[in-house]
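Commentary on secondary and tertiary structure
Residue-level listing of the chains:
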Amino acid sequence: MNLVVNQIMMGKSEGITKMQIAICDDETGTCSDIEEMILNFADSRALQIETEVFYSGEALYYSIQKQCFFDLIFLDIQLLQLDGVSVGKQIREQLGNEKISIVYISSKETYAMSLFQVRPLDFLIKPITKEKIVFILEKFIRLSKVNKKEFYFHIGKSIYRLYLDEIYYFACNGRKIEVYTDLGKKEFYGSMYEVWKQVEGKGFWTIHKSYIVNTAFVSIYHYDSIEMTNGITLPISQRYRKVIKENLIQKYQGE
């Protein structure tokens, strides 16, 4: 059998070698506390983590705009001028950056369900504790490793590979499965059940018998549809609306 592996994305090998984390809050004490918790976590796990602190949304966004890369940002919502939600939207929409994971922090729970367009990793309520920071860092590391896993499919006698974090969604078109990425579309013969067996528990949700989506690329959730970051709108069938709503509440409720 002729084996051809098509690697769509060249990136880091599986696993975390070094993390760049930004902390942005206009309260110096909060920044210091979070930074200390992160560095203590790094020491306890023998991880390489570098932190950088910002006291305004403008300073953080300017740094990212100047090609300063962060894997993870702890971002206060209630900043004085350019607030955290606006910073997040500019990162996603103006810079087109979906790679940076954002964790919002706030003293108010009411923000939690209004952050879908920014697609945050999580939402924390002040006061920030060691347990909350450890939970977030472990979650980030776990998802980073998961998302670097591959999806395999056959086209003829060749086997192709895509990284999960490059896939927007899968669509069923008769006997064919269409897989959409930022580099275009691939088609192969298969079933949605076979797709689900590879992506279950890895950040993908079934929203319709014909669609499985990567939640990292969903920009807006509606009752009966979703909008993807590439501008495509996909339907949520009645069968899945309740479970999607429950998943959303669980994902974005304050920790």
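Our structure's up above, just so we're on the same page.
Turning our eyes to something else, we now look at the overall build of the protein chain. Check the secondary structure of the protein chain and you find six helices and 15 strands. Relative to its full complement of 255 residues, the protein chain shows a buried share of 46%. Surface summary for the protein chain: the accessible area is close to 13,300 Å², and the carbon and sulfur share equals 49%.

Pairing is antiparallel in the open sheet, where three strands are placed in the order S13-S14-S15. The open sheet has two edge strands with one neighbour each: strand S13 (218–221) and strand S15 (233–235). For this sheet, the mean inter-axis angle between neighbouring strands, taken without regard to orientation, is 25 degrees. As defined by bridge partners, S13 adjoins strand S14 (residues 225–228) across three bridges and the pair is classed as antiparallel. Following the sheet pairing, Tyr221 is matched in S14 by Ile226.

Inspection of the secondary structure assignment puts Val179 in strand S9 (residues 176–181). Exposure remark for Val179: the relative accessible area of 0% places this residue in the buried category. If sequence neighbours within four positions are ignored, Val179 has contacts with Leu162, Ile167, Tyr169, Phe170, Gly184, Lys185, Lys186 and Phe188.

Turning our eyes to something else, we now look at the pairing of strand S11 (residues 204–208). Residues in a regular strand point their side chains to alternate faces of the sheet. The buried count for S11 comes to five of five residues, which makes it a mostly enclosed element. Bridging between S11 and strand S12 (residues 211–214) involves four bridges; their strand directions are antiparallel. Counterpart to Thr206 in the pairing with S12 is Ile212. Where S11 folds back on S12, the antiparallel hairpin that results is connected by two residues.

For helix H5 (residues 192–199), the full list of buried residues reads Met192, Val195 and Val199. Relative to the axis of H5, the buried residues are bounded by an arc of 55 degrees and lie together on one face. Along H5, the residues that are exposed and aim more than 90 degrees away from the buried face are Tyr193 and Lys197. Just past H5, the residue Gly201 takes up positive phi, approximately 75 degrees.

Further remarks concern the packing of aromatic side chains. Within the structure shown, the criterion is met by eleven aromatic pairs. Ring geometry for Phe153 against Phe188: centres 4.7 Å apart, planes inclined by 25 degrees, an arrangement best described as stacked. Of the two residues, Phe153 is situated in strand S6 (residues 150–155) and Phe188 in strand S10 (residues 184–189); the sequence distance between them amounts to 35 residues. Neither Phe153 nor Phe188 differs from the other in exposure class; each is buried. Three or more aromatic residues link up through ring pairs in this structure, and these residues are Phe151, Phe153, Tyr160, Phe170, Phe188 and Phe204.

So, on to the pairing of S9. With five of its six residues buried, S9 lies for the most part within the structure. Sheet topology note: the strand S8 (residues 167–173)/S9 ladder contains six bridges and is antiparallel. Of the residues in S9, the one forming a bridge with Cys172 is Ile177. Between S8 and S9, which pair antiparallel one after the other, the connecting turn spans two residues, and Gly174 there sits at a positive phi close to 70 degrees.

Here the focus is the sheet that holds S10. Pairing within the open sheet is antiparallel, and its five strands lie in the order S10-S9-S8-S12-S11. In this open sheet, the two strands that pair with only one neighbour each are S10 and S11. Geometrically, the sheet is characterised by an average inter-axis angle of 20 degrees between neighbouring strands, direction not taken into account.

Calculation rules
Chains are numbered independently. Their residues run from 1 in the order of the written sequence. Predicted model: local features are reported for residues with pLDDT of at least 70 only, side-chain atom pairs are reported and counted for 80 or more only, and whole-chain, interface and lining totals are derived from all residues. Working from all heavy atoms in the structure, the side-chain values ignore hydrogens and water. Put simply, DSSP marks the helices as runs of H or I at least four residues long and the strands as runs of E at least two long, and each gets a number from the N terminus on. Categorising residues by exposure relies on relative accessible area from a 1.4 Å probe, with only protein chains included: less than 20% of the type maximum marks a residue as buried, more than 50% marks it as exposed, and the intermediate range marks it as partly exposed. Note on areas: these come from Shrake-Rupley sampling with a 1.4 Å probe, and a residue is covered only by the protein chains present in the view. Two strands are said to pair when DSSP picks up at least two bridges between them. Geometry is summarised by axes, namely lines fitted to C-alpha atoms with helices restricted to the contacting stretch, and by angles between N-to-C directions that run from 0 to 180 degrees. A contact between two residues is defined here by any heavy atoms of the two lying within 4.5 Å. What the arc measures is the spread of directions leading from the helix axis to the C-beta atoms. Put simply, two rings from Phe, Tyr or Trp (the six-membered ring, in Trp's case) pair if the centres are within 6.5 Å, and we call them stacked under 30 degrees between planes, edge-to-face over 60, tilted for the rest.

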